[in-house]
Every structure is written in C-alpha cells, then in structure tokens.
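# Residue-level structural notes
Residue strings, one per chain:
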Amino acid sequence: EPAQSDQDDAAVAEEAQGPRRKKVSSLRFNRSENGGIKNLTVTTPLFYANGAPHIGSAYPTIAADVVSRYAQMSGGDVHFVTGMDEHGEKIAKTAEGKDMTPQQLVDSIAGDFQGLWDKLNIRNQHFARTTQPKHREIVAEMWQRCLDSGDIYKKDYEGWYCVGCEAYLDADEMEDDHVCKIHRKKAELRREENYFFRLSKYWEKLTQHMEDNPDFLLPQSRASQVMVWLDKDNKRDFSISRASTDWGIPVPGDDSQVIYVWFDALLGYLSSLLRPEDPATLDTCLKRGWPADIHVIGKDIMRFHALYWPAMLMSAGLPLPKHIVTHGFLTKDGLKMGKSLGNVVEPVPLVENFGADAVRFFFAGCLSFGQDGDFAYESFINQVNSELANELGNLLQRILTLCRKNLPEPSGPDCLYEEAELQAHPVYRAALAAPAEVAAAFERFDFPAATQAALRIANVANAHIMVVVPWKKLKSEDEQVRGEALRELQVMAEGVRICAVLLAPVTPSVSGKVLE
Ligand SMILES: [Zn+2]
C-alpha cells in the first residue's frame, strides 16, 4: 500500500493560496530586551490513553522538546506541555476488555508514556491528565462560559457514528456502506439527544483569523485545507456531548450525558499549566502561560485544532494560540505503518538499542518536520553514523588524544593566536557564523537546517585538520612548528565545543559528554 503523500496537499495549496499570501519565514517568539526568547509555551498533542505510545507520539514530542530546549538556551521561561487524553467510549471499552477499570487503564498507560519520555530525555514542565480534578473544574467552567455566550444547545441527532473516531461521520469521511475511511469499519447508525456547540456562528471570524494570520497554521501549504473546511457550504455545528458512555466529565446540570472527549481534552493545554496551589479557574491559566505560542500536532487532528478549538476559545472570551505547527505522517520503508502490515516501529526498543540522542537526531535532525517522513533502519543508522559519530565523534576523539598528549593540564584559556591570525582561521570563521544560522533555523522549525549549520563547524575542522596535520607537526624538533600545531588544536577544540552547544537541543546527552 503506497503511502499517501503530501504532494496533493501542496498542489491544492498552491492553487488556493495564489501569490497573495505572505510567506512566513519564522515563528513569532516573545523577545526579551537582549533579543533572546523571553518565554514560550509549547504543547504536544495530548495522547489518547488507549494503548502504548508509538513512534507517531514520540515524533512531535521530540520536536517540541527541541524547540523548548532551544528557547531555554536562549534564556526563555519555558512551559512545555505534553500529556494524556483519558476519557471516551473507546477507553472504557478497552478497559472492559482487559478487565480493568478505565482509571486503572489510563494510569497504566500514562506511566508507559512517562517512561518513554524519560528514556528519550524529554524535559516537559507539565504533564496534562484529563482525569485530574482541576481539569474537570476547568472543563466545567469552559462549558459554562460557552453556555453563557449562547453557544450550547440541545438537539436530537441521528447519524453514522464511528467508535474509533468517537464521532459522527460526514459523508466525505465514509466509503460505500457507511464504512469509516480511517478505521475501515462500518459506522453505527445512532440516534441521541446531544448538546451542540454553535460552531457555525464563528465561521466568518475563523475565516478572518486565518486570513489575518498567515502564520497561524504552519506549514502554510496546509492552511488551504482549513479554508476548504471553512467554505460556507460546510458551515455546521458540532456535537459536544455523548449519552452512550459514562466515562467522561458529566455535562454540568445533566448527568445523563458526558462531555465529548475533544471538548474536554483540548482544555488540558490550559489546566495542566496550573500550579498545585492555584485555584482551578480559566483566568488563573492566563497568568500561567496561556495562550500557547505553539501547538505541535499531526495533520490528522488539524480540524480540531484549527476550527473547533479557536471557536471554543472565542466563545469563552479567551485568547487564541499563536501558531499551530503540523507535521506529516511517518512511513516505514516508504509504506504506511500499521499493525496489519506488521511494520510498526516501536519507540521503546529503538531508544533502548540506539540511545535517545540517535533517535532524537534522526527524527528531529534528519526529517523535515512539516512534510511526511520515512523511517528505515538503514538510513537511520547511516545518518547517525556519518553525521554524529564520524563528523563530530571522530573529530573530538582525534583532538582530545592530541591535547592530552601534548598540552599541560589544565590548559589555560588564553588564546594563543594573534587576533588577525584568528580572523582568517576557517574553523574560527565557521564557529562565528554558525550560532545565528542555527537559531534562525530552530525558530522556523527547520531542525535539519539547524543541525547541519552546527555540524558545518565540524565539517570545516575535519577538512582543516587534514591540511595542517597537527600530529606530524607535534613531532617536530622545532619549537615554533610545535607551537603552531598547539594553536591549531586550541581553535579546533573550541570549534567542537561550540558545535556541541549548538546541537544540544537535539542531542543533549552527546553535547553534555563533549563539554565534559
Ligand atoms: Zn473511524
């Protein structure tokens, strides 16, 4: 089964957008006076607690961790939120099948996710769990605010319901005979009296927001998809309660229904920002890091984040997130990953076998984040070996061996070079140019460009060391020749150090070892 590519999206995008849309070259960060990042709130999706984490959960989490580590290096006060979406019929059914209570199931799965994040060196400040008491209070307040705005009403509804999607399907989401396109299972005809959210009321405002903020949804090529959804012919409300399960947050004032998982889960982005001593109110969340600067999500949940979520926030009088950065699908050896194909990449053994930095380096440093990305063991191993082990690792090894043999310990920090000589040194020049380039690349979510710009220092040093061959010069009887070699080593060691610092958001352990 060939993987669905992004080319269709891109073609649609070009047609729909035309030359009118301003090209976005960077995300907008909050700056401090020195030009660094002042603060950043970045989120991953809240993962559905229905099964163990897969590589598709690790991918956006690595990206969010990279950008949050970068922001911290830049001096920023960072709120990095990841976590779990723990309600819904599907979870209740899975728990039943395992002879567990839903709470036991989600506790155990939340533990699996946290275990993986530890192994992957993910440094999140917040871990959202939608079964927590404060979260329930926040959701209830949100419901009340939307109700007060006149945006919640009750309606009898009949439609084709997919338990996998936990949603009624539109005609374009089903194949013949009401089979869900995603789950390949026949949807059930259900009739329920549900509460609805007046999404239709926000159609023009949402359209306006998309037009006024060309960097709201990134990459820009995907904005056209949202504009298609926002076509006036598609205008509709959405159901925000379920009577078919009791595993959820009860609708305030109506215990016969629970709040729809998406209405519930999206608020985890806010509730998880609260400190233990904080009252559970939406206004307090505004003091703790909301609005988010960046939601990192997969393109499969774009509809919830680009339509439902902003409309809910507008209804409640809350500020919108600044950017939604979407990534593509991951494939394995060019094929769609799936249980039926038996080609799922399991993240835990991958990290255990190769180490966190190798996995982080590949998924952040080698795949272009907005596009679909492919994982194959061969290219994974080759890229990590050639770029991290050979370019950086061997260079460091070489320099350290020569330094240990030939320099007194500890060696002073004084520069042995004359200023003019230094200015002309290729490694010095590369190291001087790299930081700005790396920063700019991180700030536009172009992590491969950031790692390449950092590694360019090592590339230059590797070429240079073969020209100056310091190990030969160090054997010379002539003190001046030996001094020359020591100066070379000093500059190259400093180049390696700067390279390691710049790579630290992607490869924190390797960088830490280099600095040691
Ligand atoms: Zn489905």
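Here the structure is a predicted model, which means the values were calculated and not measured.

## Let's talk about the overall build of the chain
Within the chain, the secondary structure is distributed over 20 helices and 19 strands. Whereas a compact globule of 516 residues would reach a radius of gyration of roughly 24 Å, the chain reaches 26 Å, a difference of no more than 12%. Carbon and sulfur atoms make up 50% of the accessible area of the chain, which amounts to about 23500 Å² in all. In the chain, the 56 positive side-chain charges and the 73 negative ones have mean positions that sit 2 Å from each other.

## Some thoughts on the domain arrangement of the chain
When the parts of a complex come together, some accessible area is lost, and that lost area is often used as the size of the interface. Per the domain assignment, the segments of the chain are domain 1 (32-151 + 202-236 + 261-323 + 345-354) and domain 2 (377-515). The partner domain 2 presents 14 residues to the 13 residues of domain 1 that form the contact. Across the domain 1/domain 2 interface, buried area totals approximately 1200 Å², and carbon plus sulfur atoms make up 80% of it. At the boundary of domain 1 with domain 2, the tally comes to zero salt bridges. In this assembly, domain 1 and domain 2 are joined by two residue pairs in polar contact (both at pLDDT 80 or more). When contributions to the side of domain 1 that touches domain 2 are tallied by element, the ones reaching two or more residues are α2 (55-73), β15 (294-298) and α12 (347-354). A per-element tally of the side of domain 1 that touches domain 2 places α2 first, with six residues. For the side of domain 1 that touches domain 2, the class distribution of residues is 11 nonpolar, one polar and one charged.

## Focus on the coordination of the zinc ion
Within the protein, the zinc ion binds to C162 (SG), C165 (SG), C180 (SG) and H183 (ND1); these donor distances fall in the range 2.1 to 2.4 Å. Relative to the metal, the four donor atoms surrounding the zinc ion lie at angles of 102 to 116°, and the coordination shape comes out tetrahedral. Sequence positions of the donors to the zinc ion reduce to the motif C-x2-C-x14-C-x2-H. Of this pair, C165 sits in the loop between β5 (152-162) and β6 (167-168) while C180 sits in strand β8 (residues 179-180), placing them 15 residues apart in sequence.

## Here we look at the UniProt feature "domain: Methionyl/Leucyl tRNA synthetase" (unreviewed entry) in the chain
Per the UniProt entry, the sites bearing "domain: Methionyl/Leucyl tRNA synthetase" (unreviewed entry) are residues 165-399 in this numbering. Counting secondary structure, residues 165-399 comes out at 37% helix and 20% strand; the distance between its end C-alpha atoms is 56 Å.

## What to know about the packing of aromatic side chains
For any pair of aromatic rings, the description consists of the separation of the ring centres together with the inter-plane angle of the planes. As enumerated under the stated definition, the model contains 30 aromatic pairs in all. With centroids separated by 5.5 Å and ring planes inclined at 20°, the aromatic side chains of F47 and F113 adopt a geometry described as stacked. Within this pair, whereas F47 is found in strand β2 (residues 37-48), its partner F113 is found in helix α4 (residues 102-119), the two being separated by 66 residues in sequence. Since its relative accessible area comes to 9%, F47 is described here as buried. Ring geometry for F445 against F447: centres 5.1 Å apart, planes inclined by 40°, an arrangement best described as tilted. With relative accessibility at 1%, the residue F447 sits in the buried group. Over the face of the ring belonging to F196 we find K155, whose NZ or CZ atom lies 4.4 Å from the ring centre. A cation over an aromatic ring shows up here: R303 above the ring of W229, its NZ or CZ 4.7 Å from the ring centre.

## Considerations on the sheet that holds strand β13 (residues 250-251)
The strand order across the open sheet built from three strands is β12-β14-β13, with neighbouring strands paired in antiparallel fashion. Strands at the two margins of the open sheet, each flanked by one partner only, are β12 (241-242) and β13. Pairing geometry for β12 and strand β14 (residues 254-259), over two bridges, is antiparallel. Bridging from a neighbouring strand, S241 pairs with I259 of β14.

## Regarding the sheet that holds strand β9 (residues 188-197)
Picture the strands of a sheet paired through backbone hydrogen bonds; they go either parallel or antiparallel. Reading across from one edge, β6-β5-β9-β11 is the order of the four strands in this open sheet, with antiparallel pairing throughout. Looking along the sheet, the strands with just one partner apiece sit at the ends: β6 and β11 (238-239).

## Considering a nonpolar patch on the surface
There is a patch of nonpolar side chains on the surface, built from F354, Y377 and I381 and spanning about 240 Å² of accessible area. Within the fold, F354 resides in helix α12.

## Points about the nonpolar core
Membership of the largest hydrophobic core comes to 97 residues, with the highest contact counts inside it found for W117, L120, I294, F363, F445 and I457. The dominant element in this core, judged by the number of residues it contributes, is helix α19 (residues 479-503), at 11 residues. Composition of this core by domain shows at least three residues from each of domain 1 (32-151 + 202-236 + 261-323 + 345-354) and domain 2 (377-515). When residues no more than four places from it in sequence are discounted, the contact partners of F363 are I55, Y59, I62, L330, L350 and F375.

## Describing the packing of α12 against helix α13 (residues 356-365)
Between α12 and α13, the least distance of the axes is 6 Å, while the angle of their chain directions is 115°. Residues L350, V351 and F354 of α12 touch α13, and the partners they reach there are A356, A358, V359 and F363. The class makeup of the residues in the contact of α12 with α13 is seven nonpolar, no polar and no charged.

## Details of the environment of D237
Turning to its location among the elements, D237 is positioned in the loop between α7 (223-229) and β11. Residues in contact with D237, not counting those within four places in the same chain, are Y153, F196, F197, R198, L199 and S200. Polar side-chain contacts of D237 include one of 3.2 Å to the backbone nitrogen of L199. Polar contacts involving the side chain of D237 include one to the side chain of S200, which spans 2.6 Å.

## A short note on the pairing of β14
As paired strands, β13 and β14 are joined by two bridges and run antiparallel to one another. Looking at the pairing, P250 lines up with V258 of β14. The antiparallel pairing of β13 with β14 creates a hairpin that spans two residues between the two strands, and G253 there sits at a positive phi of about 85°.

## Structural notes on the pairing of strand β16 (residues 323-327)
Burial runs high along β16: five of the five residues are buried. Neither face of β16 is exposed, since H323, V325 and H327 on one face and I324 and T326 on the opposite face are all buried. Taking the sense of rotation as the criterion, the β-α-β connection linking β15, helix α11 (residues 302-315) and β16 turns out right-handed.

Cut-offs and rules
Residues numbered from 1 in each chain as written. Predicted model: local features only at pLDDT ≥ 70, side-chain atom pairs only at ≥ 80, totals over all residues. Heavy atoms only, no water. Helix = DSSP H or I, 4+ residues; strand = E, 2+ residues; numbered from the N terminus. Rg over C-alpha atoms; globule rule 2.2 N^0.38 Å. Areas by Shrake-Rupley, 256 points an atom, 1.4 Å probe, with all protein chains shown as cover. Lys, Arg positive; Asp, Glu negative; His and termini not counted. Charge placed at Lys NZ, Arg CZ, Asp CG, Glu CD. Domains from an automatic or database assignment. Contact = heavy atoms within 4.5 Å. Buried area = accessible area lost by both parts, 1.4 Å probe. Salt bridge = Lys/Arg side-chain N within 4 Å of Asp/Glu carboxyl O. Polar contact = N/O pair within 3.5 Å; in protein donor to acceptor, adjacent residues only side chain to side chain. Nonpolar A, V, L, I, M, F, W, Y, C, P; charged D, E, K, R; others polar. Donors = N, O, S within 2.8 Å, 3.2 Å for Na, K, Ca; no water. Tetrahedral: all angles 85-135°; square planar, octahedral: opposite > 155°, others 65-115°. UniProt positions renumbered as here; feature names shortened; annotations may be inferred. Phe/Tyr/Trp six-rings, centres within 6.5 Å; stacked < 30°, edge-to-face > 60°. Buried < 20%, exposed > 50% of the residue type's maximum accessible area, 1.4 Å probe, protein only. Lys NZ or Arg CZ within 6 Å of the ring centre and 35° of its normal. Pairing = 2+ DSSP bridges. Patch = residues over 30% accessible without salt bridge, like charges linked within 9 Å, V, L, I, M, F, W, Y side chains within 5 Å. Core = buried A, V, L, I, M, F, W, Y, C linked by side-chain atoms within 4.5 Å. Axes fitted to C-alpha atoms, helices over the stretch in contact; angles between N-to-C directions. Right-handed = clockwise from strand over helix to strand, strands pointing away.

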